[in-house]
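# Topology and contacts: notes
Here is what each chain is made of, one letter per residue.
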Amino acid sequence: MDTSWYVVLSAFIFCIGAAGVMTRRSPLVVLLCLELMLNAGNLALIAFSRMLGNGEGQIFALIVVVVAACEVVIGLGIIVGMFRRRLPIDVDQMNELRG
Amino acid sequence: MTDGGLDTPGESQSGARRTDGPAALLPPYREREESISLGTLDEQPVSGTEVDIDGGPDRETELMTINLGPHHPATHGVLRLLCTLEGEVVRDIKPLIGYVHTGIEKSCEDQEYWKAITFVERMDYLAYYFNAQVYCMSVETLLEEEVPPRAQYLRVIHMELNRIASHLFWLGTAALDIGAITMLWWALRERDLMLDLFEMSSGQRLHTRYFQVGGVFEDIPPGWEAKCRRALEVMPARLDQYEALLDENEIWLQRMKNTGIVAREELLALGVTGPLLRATGEPWDLRKAMPYSSYGDFQFRIPVGTVGDNYDRYRVRLAEIRESLKIVEQALDGLPEGPFITSNRKVALPPRHELATSMEALIHHFKLVTEGFRVPPGEAYSAIESPRGELGCYVLADGSAKPSRVHMRDPSFVNLQSLKAMGENSLIADFIACIAMLDPILGGIDR
Amino acid sequence: MVLLGADPVVETTLVQIVKAIVIFAVILQVVPVILLLERKLLGRFQQRYGPNRVGPKGALQPFADVLKLLSKESSTPTTAVPWMMAIAPVISIVTAVATLAIIPFGPQGAWGGDLGLYGIDVPIGLLYFFAFGSLAFYAFVLGGWASGSKYSFLGAMRSAAQLISYEVAIGLSLLGVAMMAGSLSLVDIVEAQGSAGKGIWFVVPQFVGFIIFMVAGFAESSRPPFDLPESDAELVAGYNTEYSGMRFGSFFMAEYIEVIVISGVATACFLGGWHGPGPEALAPLWVVLKMFAFVLFFIWIRATLPRLRYDQLMFLGWKVLLPLATLNVLVTAILLVVT
Amino acid sequence: MPDATGLELAAQRVRDALDDDAVVSTSYHREQAMLEVAPARVHDVLEHLRDHDDEPYGFLASLHGCDYLPSEPRLGVHYQLLSMQRRERLGVKTRLGADDPVVPTVTDLFPTADFQEREVYDFFGVVFDGHPDMRRILMPEDYEGHPQRRDFPIGGEPVLFTFNEHKLPRWYD
Amino acid sequence: MLFEQILFFIAGFGAIAGALGVAMLRNPFFSVLALVSHLIALAVLFLLLRADFLAAAQVVVYAGAVMVLYVFVVAYVGDSDAPLRATDDGLVKAFGPLAALAIFLEITFAVVGSSLSGLGGRGPDVDARYGSPEAIGDLLLTKFLLPFEAASFLLLLAAVGAVVLARKRRGLEDLDAPGGVAG
């Protein structure tokens, strides 16, 4: 398969993720859509890595996985914290973190 | 899923809506459930309730109510426990009972005294000899009837064998609840030794109705004593096997030690007796404290625990089996000769051979079988030490041939109240272990 | 087939398909045998006969069981999510069977030609094992969550927590082996234990790792004494409380396939895989014998040990096995560098 | 069991501590010592026997009801006290009429009375004043009548639950 | 390679379907499951791209660990979300997908219109080591040691942060009083 196929697929997934982030209200789903975007990036990275024939893109993808894991952990921690404190779980009403 | 599912029998019977059947039952059943006020649980939030953002319960403690039972592998019968869980921790326990209430006490009022024995034996179905014994004791008190010594000894032998059988069954099921599946089969194997003996002496393995008012039903057959001694011989080795399987097992010790501790004072206040109480170090055993039957004749010790955790409860019961073996052995050694039932023909059936020769015997037999014996008015409460604690029996006689009231103070029923104290704020697994160590017999609880 | 990357053994697609069918077919035959074996052995442990009614000496009992399960209705509670409840057992059995593909039963060419006696030999072998192990999580969670029952839900949560906790320990315990063999491929690992390699089974130098793997393996397959997710005394049957019929049977079979997988991986990683006396053609025999020994061990433990408590399980996983495994990896690494 | 004299002495001590009306009568029958007290004073008498008597009866072994029909007052509630030190039992009973039978609860003195009082309520209809959870325990929640009373018919009583009454099809329908 | 193409299309459609599921399903639990299937499809694509190790890591780490967290949290928080019914003003609802479409077109044009010569081919043939654990390990511990260390440090931070965020409120009651934080 040509690399362009992978790149277009990656772009498509990225856009779905972006649309999700923009339209959904639940922070849980917003986080999930962020994951989608990160994964789209991963796919592009690996496709390009394959295109160039060296493995460096894969390293970046691996680092992205790590970053995503961290982001999820912190994001979910915040959500659980909000849930415990009975704050509204809705990104539009989340303003408790404002200084 | 309509309400009307029940009003249209054809539909629910057709099988076409089989999956919908239970759902159709839901609304009325739920209404019934709600009629049970849950007391302290009322105020507490239950998971699945509406998320109330502005007020409502604090979510730091997320609670979930589950029904442990009426049909649950760990409840040893149809015991229903309404448990409130916080994660894996049991925060509140509410026993709901009555699912096998069969009205035995009421049924006894319609039976002659000697026929009621059959009924009371069905209460605590693992300790049937004890039920019969305590009932007979109460009736004998009212009749002021002396029981011949041989009958007393036979009663003690059978009761102690029954205690062993009961404890063995408890051991098997309790270990099963902890996850040691092999223990159940080993314990049942030895229990069968006891049941074989019962079968030989009375013809039945369960609910033998061997004890009679005034003595026992029949003398033990020849060969019974030898068979009993053989059983006694193998038991200590088998008990060693159990201990090898359980006591040398680190997981078992970890699961048992320091779980379900209840202080002695609290147990006394809750009316708990039996091994549960002795596990805390209180040597209260009616066989020693207030000897009945012929227990005063035997040398045995009362095993007691130290801290009153589940491990002590387990050890106490196991040690009790060994003591019971000693009692049976002594009773067999000292088994007196003589009649096995009182010679009072007003109470006990005449021997079979007399019927052919004696007119009086025939009359007595006829009177007893048709209308039973009359008991002078009065009331009596007697208590014995059953495998689960003090088993009391209150009999109210109004002068007729049928008891006016028979009440059994069943130890399972009273001990069940301590479940909350034992299991509260412990993990589910420990709570299950507590139920197992409580050894509740639902036939005794619900009667 | 270059699908799985740098495959040292290139075999035709046809051979792969035949292998897949053989593996699946053989395992489907082996599971009932193990089932019968377990019931028979448990019977002997517990001083009873075990099944002996169906067929000669009860040999046909598994068929009767399967027939019974097949003919039963797959009931669904009204609170359940039916389609999800239906796919959960499928996931469990697929993940369990998929892992079997990497278990080597013999070297390449043992039975002539360049046929490898294994499903596939992937360079990421152990990772493949972990990947499907972690996917098995979804079978339990989906099954438990979709059942719409509180007992199922509790069981699902328990099994999820248990799988995750022990996944870490099981991974670290195999890391020492991977380091000594210098590869993640199970075929390479087995070869490293043969005469071509160091010639010593890894159970000796990696004894700590072996113990950790076995303990964690019991937990991964939810076998007693780690059968908390389905502990019948507490949670009725855990995540499969609401299952019946062949859906339940699938969960049940998946558990036994999992046992076979753990036995196979342990055989390959610690007991020298196909190595043993005799000609090379006997290789599968040795693997099967070693795996059989492990399966017997699984059954023996089930008959002997009671169940752990949830906090004890977590304590063992995180505070005993994990540090021990880490230490094992460290020591192995140091020794490898030094020697 | 205390002997007849001991019973009289105990009764006298109760009368001294409380008042003469508290103890209605004593009976010593078949070596069973029984103290009959006025229904309203049950709690006081038991508290006295538990805490202030010379050798206190600290353990409530059993609590049960009975029906003395046809004599009046027909209902009875029995408390079987046990002194573990002296190894003696003492029965305390109170009798009350069938209409509006109320007895003060003793659950605050003996927590063990909880289930047993509920059972007496369930079967005899005796209401224990102050009991934290006065509900039926063995019979269904919505059962009508108190089945252990002597005038409650034995046999032929259909066990019905509200949810299946006249709704579940029977074989004869 | 017909087989490769078939697999690509299957996995690609799986990935897109999973992604759409994440963005559109009403129940967060189903969203999470959709993401899991999406990740597995992606792992297959990675395999096609000869990134074996990454494919395995994707399944083990992402599907096996990260998504498990999601499952736990969704099960805990519950289905308290409503839906695609986006915010109060319908503008965002209409605008969001439009914007996404615009981004997609832009990227596609940029990529396809770019002069990257390799885009049209499969890339060079690579040796057996490509994408294997050894190759990744080599690169990580030599050329990319610093990102590797930084990533591990980040993980540690995240772990600590998560523990702090998710802990029970103990000793900080006053902070949680109304206005306590804002003030």
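Rules and cut-offs
- Residues numbered from 1 in each chain as written.
- Chains lettered and ligands numbered in written order.
- Predicted model: local features only at pLDDT ≥ 70, side-chain atom pairs only at ≥ 80, totals over all residues.
- Heavy atoms only, no water.
- 1 Å grid on protein atoms, 1.4 Å probe; cavity = no way out; pocket = protein on both sides within 12 Å on 5 of 7 lines; lining within 4 Å.
- Points joined across faces, edges and corners; volume = space filled by probe spheres on them.
- Helix = DSSP H or I, 4+ residues; strand = E, 2+ residues; numbered from the N terminus.
- Nonpolar A, V, L, I, M, F, W, Y, C, P; charged D, E, K, R; others polar.
- Domains from an automatic or database assignment.
- Phe/Tyr/Trp six-rings, centres within 6.5 Å; stacked < 30°, edge-to-face > 60°.
- Lys NZ or Arg CZ within 6 Å of the ring centre and 35° of its normal.
- Buried < 20%, exposed > 50% of the residue type's maximum accessible area, 1.4 Å probe, protein only.
- Contact = heavy atoms within 4.5 Å.
- Buried area = accessible area lost by both parts, 1.4 Å probe.
- Salt bridge = Lys/Arg side-chain N within 4 Å of Asp/Glu carboxyl O.
- Polar contact = N/O pair within 3.5 Å; in protein donor to acceptor, adjacent residues only side chain to side chain.
- Pairing = 2+ DSSP bridges.
- Axes fitted to C-alpha atoms, helices over the stretch in contact; angles between N-to-C directions.
- Parallel < 35°, antiparallel > 145°, perpendicular 65-115°, else oblique.

What follows concerns the layout of surface pockets. Size it by volume and the second largest pocket reaches roughly 1300 Å³. Around the second largest pocket, the lining comprises 41 residues; the ones closest to its centre are Ala98, Tyr128 and Phe132 of chain C together with Val44 and Leu47 of chain E. For the lining of the second largest pocket, the secondary structure elements donating two or more residues are α1 (13-45), α3 (82-100) and α4 (125-146) of chain C together with α1 (2-24), α2 (28-48) and α3 (52-77) of chain E. In terms of residue class, the lining of the second largest pocket is made up of 34 nonpolar, five polar and two charged. Each of domain 1 (1-71) and domain 2 (78-338) of chain C contributes no fewer than three residues to the lining of the second largest pocket.

Here the focus is the packing of aromatic side chains. In the structure shown here, the tally under the stated rule is 39 aromatic pairs over all chains. Between Trp5 of chain A and Phe8 of chain E, the ring centres sit 6.2 Å apart and the planes meet at 75°, which makes this aromatic pair edge-to-face. Placement of the pair is Trp5 of chain A in helix α1 (residues 3-23) and Phe8 of chain E in helix α1, with the two residues belonging to separate chains. Of the aromatic side chains, those joined through ring pairs into one cluster are Tyr128, Tyr129, Phe198, Tyr210 and Phe211 of chain B. The cationic tip of Lys257 of chain B hangs over the ring face of Tyr311 of chain B; the distance from NZ or CZ to the ring centre is 5.0 Å. Lying over the aromatic face of Tyr68 of chain D, Arg95 of chain D brings its terminal NZ or CZ to 4.1 Å of the ring centre.

Once that is clear, we can look at unusual backbone geometry. The step from Pro224 of chain C to Pro225 of chain C runs through a cis peptide bond, and the omega angle for that step is 5°. Mapped onto the elements, Pro225 of chain C comes out in the loop between α7 (207-220) and α8 (232-235). With omega at -15°, the peptide bond leading from Glu72 of chain D into Pro73 of chain D counts as cis. You will see that Asn258 of chain B, though not glycine, has its phi angle at about 60°, which is positive. Tracing the backbone through its elements, the reader meets Asn258 of chain B in the loop between α9 (250-256) and α10 (264-269). At Lys57 of chain C, a position not held by glycine, the phi torsion is positive, near 55°. Mapping Lys57 of chain C onto the fold places it in the loop between α1 and α2 (61-71). Residue classification places Lys57 of chain C among the exposed positions, given a relative accessible area of 70%.

Now for the interface of chain D and chain B. On the side of chain B, 60 residues touch chain D, which itself brings 50 residues to the contact. Here chain D and chain B share an interface that buries about 4500 Å² over both sides, 58% of which is from carbon and sulfur atoms. At the surface where chain D touches chain B, the tally comes to five salt bridges. Glu109 of chain B serves as the salt-bridge partner of Arg150 of chain D, at 3.3 Å between the closest nitrogen and oxygen. Where chain D touches chain B, the interface holds 18 residue pairs in polar contact (both at pLDDT 80 or more). Secondary-structure elements contributing two or more residues to the side of chain D that touches chain B are β2 (32-37), β3 (59-67), β4 (75-83), β5 (88-96) and α3 (113-124) of chain D. Here the side of chain D that touches chain B gets eight residues from one element, more than from any other, and that element is β3 of chain D. Within the side of chain D that touches chain B, the residues separate by chemical class into 24 nonpolar, 11 polar and 15 charged.

Residues and elements named next belong to chain B. Taken in spatial order, the four strands line up as β1-β2-β3-β9 in an open sheet, and their pairing is antiparallel. One side of each edge strand has no neighbouring strand; the edge strands of this open sheet are β1 (63-68) and β9 (426-427). Both β1 and strand β2 (residues 80-86) contribute to a ladder of six bridges, which runs antiparallel. Within the sheet, the bridge partner assigned to Leu68 lies in β2 and is Leu81.

Residues and elements named next belong to chain C. Evaluation of the coordinates by the stated rule reveals nine cavities of 30 Å³ or more. Taken as a whole, the largest cavity encloses approximately 150 Å³ of empty space. Phe140, Glu220, Ala254, Glu255 and Glu258 are, among the 17 residues lining the largest cavity, the residues nearest its centre. The computed volume of the second largest cavity comes to approximately 70 Å³. Broken down by class, the residue content of the lining of the second largest cavity amounts to eight nonpolar, one polar and no charged.

Let's shift gears to the packing of helix α2 (residues 27-52) of chain A against α2 of chain E. In contact at an axis separation of 11 Å, α2 of chain A and α2 of chain E are set at 5° when each is read in the N-to-C sense. Taken together, the axes of α2 of chain A and α2 of chain E are roughly parallel relative to one another. Within the contact between the two elements, α2 of chain A uses Val29, Leu32, Glu35, Leu36, Asn39, Asn42, Leu43 and Ile46 of chain A and α2 of chain E uses Pro28, Ser31, Val32, Leu35, His38, Leu39, Leu42, Leu45 and Phe46 of chain E. The residue inventory of the contact of α2 of chain A with α2 of chain E, partitioned by class, reads 12 nonpolar, four polar and one charged.

Our next topic: the pairing of strand β7 (residues 389-397) of chain B. Residues and elements named next belong to chain B. For β7, the tally of buried residues reaches nine of nine residues, placing the bulk of the element in the interior. As judged from the nine bridges shared by strand β6 (residues 378-386) and β7, these two strands associate in the antiparallel manner. Paired with Ser386 across the two strands is Gly389, which belongs to β7. The antiparallel pairing of β6 with β7 creates a hairpin that spans two residues between the two strands. The pairing of β7 with strand β8 (residues 403-409) spans six bridges and is antiparallel. When the sheet's bridge partners are listed, Tyr394 is paired in β8 with His407. In textbook terms, the turn of a hairpin is the stretch between consecutive antiparallel strands, and for β7 and β8 this stretch comprises five residues, one of which, Gly399, has a positive phi near 95°.

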